[in-house]
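Here is how the chains run, residue by residue.
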Amino acid sequence: MTSDGEPRDTEVFSERQRVALRRWVAYAPRAGGKRPGDFWSRYGMPVAFLLIVVAFTSQSDAFLTLSNSQNIVRQSAVIAIAAIGVSALFISGGIDISQGPIIAFSGLATITLINLGVTDYIVIPIAVGMGAAFGAINAFFAERVKIPALIATLGTALVIRGSAFLWTGGRSIALDRDAGAFLKWLGRGLLLFIPAPFLVTLLVAAAVATALRFTVWGRHTYAIGGNQEAARTVGINIERRRTTVYILAGSLSALAGVVLAGRLASAAPNAATGAEFDIITASVLGGVSIFGGEGRVWRVLLAAILLASLSNGLVQLNVPGFWVRIVTGIVFLAALSLDRLQSNRS
């Protein structure tokens, strides 16, 4: 018996079973890939993206121009950065719906500190650190106190959003004209012809994809989402490992808030209201299972660009804004339905 009264794995599993479990954990990332014979997981995202591009290009000459393409990837950056963190959390079997408030709060912190004279290069890590702290708080209630993660993160979302309104009295804060040069470049700038926010997104995607695919942390993340009890049996500390993923999700949400603040040169306590639904949609549409153990970062990035393209195209066609939300909601429900059907088949 272990010190906490649980039976040791040697008392429950044979040596052959334990070896099989350890091999499963070692190769767990492969379980997050494409299912043989599943058209959607293999080709659905590229086909859907291509159809959207063809449809809007045929209706608007401006859709496929360089400037509009830059605008699309720039707009997708905030959702994509946060969705990458949420996707890692989904893969681990966790859930978090506090991204919108964290984005707003980190944006307010960034603008306020820069206006007080703190340099951008110090402010940005501070803002990301705040997001990490919020992620740790989410993990404490979900993993230690054992409140269902959906309820726990809903509670923290309300506290964070309320704190943002309390901080500013409900008012937005504008960046001083001569302040925050790097922040503005991060939100609006170009490197050659590539928007800076998209470069940040690519760097985040590459780092998280590499960590998930090639590190012990990544293998354990897939393993605990795929089969929590089996992962526990081979010695993975579920609570500790998932806490690190909550911290990652909070940090990336805060980074998304920094990028948004740079793009707008302002911040508001009601910023990113409802963004968590777009973030979750991008994650699930990108093939990440909300039931854990499956997903790829690059597909999530493509899904975020697809959603931004859909919104951009509808606006160019002068479709009323409420229709954009209706279409996004339909995509959200369709993605969840496909995820559920695929989970049932597996």
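It should be emphasised that the depicted structure is a prediction, and the values quoted were computed from it without experimental measurement.

**A closer look at the overall build of the protein**
- What the protein contains, in helices and strands, is 15 helices and four strands.
- Residues counted as buried form 52% of the 346 residues belonging to the protein.
- Taking the contacts inside the protein whose residues are at least 6 apart along the sequence as the reference set, 79% of them involve residues at least 24 apart.
- Surface accessibility of the protein: about 16,100 Å² in total, with carbon and sulfur atoms responsible for 65%.

**Let's talk about the packing of helix 9 (residues 196–214) against helix 14 (residues 297–316)**
- At a minimum axis distance of 9 Å, the contact between helix 9 and helix 14 shows a crossing angle of 150°. Classified by the angle their axes make, helix 9 and helix 14 are roughly antiparallel. Only V297, W298, L301 and I305 of helix 14 make contact with helix 9, whose side of the interface consists of F198, T201, L202, A205, A206, V208, A209 and L212.
- Of the residues assigned to the contact of helix 9 with helix 14, the class counts are 11 nonpolar, one polar and no charged.

**Structural notes on the nonpolar core**
- One finds V208, L252, I279 and L285 to be the most contacted residues of the largest nonpolar core, which totals 86 residues.
- Per element, the largest residue contribution to this core is 14 residues, and it comes from helix 4 (residues 66–91).
- Look past the residues within four positions of L252 in its chain and what remains in contact with it is I81, A82, I84, G85, V204 and V208.
- Core analysis: the second largest hydrophobic core is formed by six residues, A223, I224, A231 and V234 among them.

**With respect to the confidence of the model for the protein**
- Of all residues in the protein, 86% attain a pLDDT of 70 or more, and the chain-wide mean is 86.
- Counted against residues more than four places away or in other chains, residues 1–12, with its pLDDT under 50, gives 11 contacts.
- In the model, residues 30–37 has pLDDT below 50 throughout and makes 20 contacts with residues more than four positions away in sequence or in other chains.

**Some points on the pattern of salt bridges**
- All told, the structure shown has four salt bridges when counted by the stated rule.
- The closest approach of N and O atoms between K146 and E239, which form a salt bridge, is 3.0 Å. Of the two residues, K146 sits in the loop between helix 6 (120–144) and helix 7 (149–168) while E239 sits in helix 12 (residues 238–264), which places them 93 residues apart along the sequence.
- Look at E239 and you get buried, because its relative accessible area is 14%.
- Here R325 and D278 are joined by a salt bridge, their closest N and O atoms 3.6 Å apart. Of this pair, R325 sits in helix 15 (residues 321–345) while D278 is found in helix 13 (residues 275–285), placing the two residues 47 residues apart along the sequence.
- The exposure class assigned to D278 is buried, which follows from its relative accessible area of 16%.

**A few points about the packing of aromatic side chains**
- Counting across every chain of the model gives six aromatic pairs.
- Note on F56 and F63: the rings are 5.4 Å apart at their centroids and 45° apart in plane angle, and the pair reads as tilted. The two residues F56 and F63 agree in class, both being buried.
- Put simply, the rings of F105, F134 and W167 pair up and form one aromatic cluster.
- Between the NZ or CZ atom of R213 and the centre of the ring of F214, over which it lies, the distance is 5.7 Å.

**Section: the environment of P101**
- Counting through the fold element by element, P101 comes out in helix 5 (residues 99–115).
- For P101, a relative accessible area of 4% gives the class buried.
- The sequence separation of P101 and A271 amounts to 170 residues, and the corresponding C-alpha distance is 7.7 Å.
- The residues contacting P101, other than those within four sequence positions of it, are A157, I160, R161 and E276.

**Brief notes about a nonpolar patch on the surface**
- Taken together, the side chains of L66, W185, L191, L192 and F193 present a nonpolar region at the surface, about 580 Å² in accessible area.
- Mapped onto the elements of the fold, L192 is located in the loop between strand 2 (190–191) and strand 3 (194–195).

**A closer look at the side chain of S253**
- Among the secondary structure elements, S253 is positioned in helix 12.
- Taking the relative accessible area as the measure of exposure, S253 reaches 1% and is therefore buried.
- Once residues lying within four places of it in the same chain are set aside, the contact partners of S253 are A82, Q99, I102, I103 and S106.

**A few points about unusual backbone geometry**
- With phi around 60°, L192 is a residue other than glycine that occupies positive phi space.
- Classification of L192 by relative accessible area gives exposed; the value is 78%.
- Located in the positive-phi region is A265, a residue other than glycine, with phi close to 55°.
- Among the secondary structure elements, A265 is positioned in the loop between helix 12 and strand 4 (266–267).
- Judged by relative accessible area, which is 13%, A265 ranks as buried.

Calculation notes
- Residues numbered from 1 in each chain as written.
- Predicted model: local features only at pLDDT ≥ 70, side-chain atom pairs only at ≥ 80, totals over all residues.
- Heavy atoms only, no water.
- Helix = DSSP H or I, 4+ residues; strand = E, 2+ residues; numbered from the N terminus.
- Buried < 20%, exposed > 50% of the residue type's maximum accessible area, 1.4 Å probe, protein only.
- Contact = heavy atoms within 4.5 Å.
- Areas by Shrake-Rupley, 256 points an atom, 1.4 Å probe, with all protein chains shown as cover.
- Axes fitted to C-alpha atoms, helices over the stretch in contact; angles between N-to-C directions.
- Parallel < 35°, antiparallel > 145°, perpendicular 65-115°, else oblique.
- Nonpolar A, V, L, I, M, F, W, Y, C, P; charged D, E, K, R; others polar.
- Core = buried A, V, L, I, M, F, W, Y, C linked by side-chain atoms within 4.5 Å.
- pLDDT = per-residue confidence, 0-100.
- Salt bridge = Lys/Arg side-chain N within 4 Å of Asp/Glu carboxyl O.
- Phe/Tyr/Trp six-rings, centres within 6.5 Å; stacked < 30°, edge-to-face > 60°.
- Lys NZ or Arg CZ within 6 Å of the ring centre and 35° of its normal.
- Patch = residues over 30% accessible without salt bridge, like charges linked within 9 Å, V, L, I, M, F, W, Y side chains within 5 Å.

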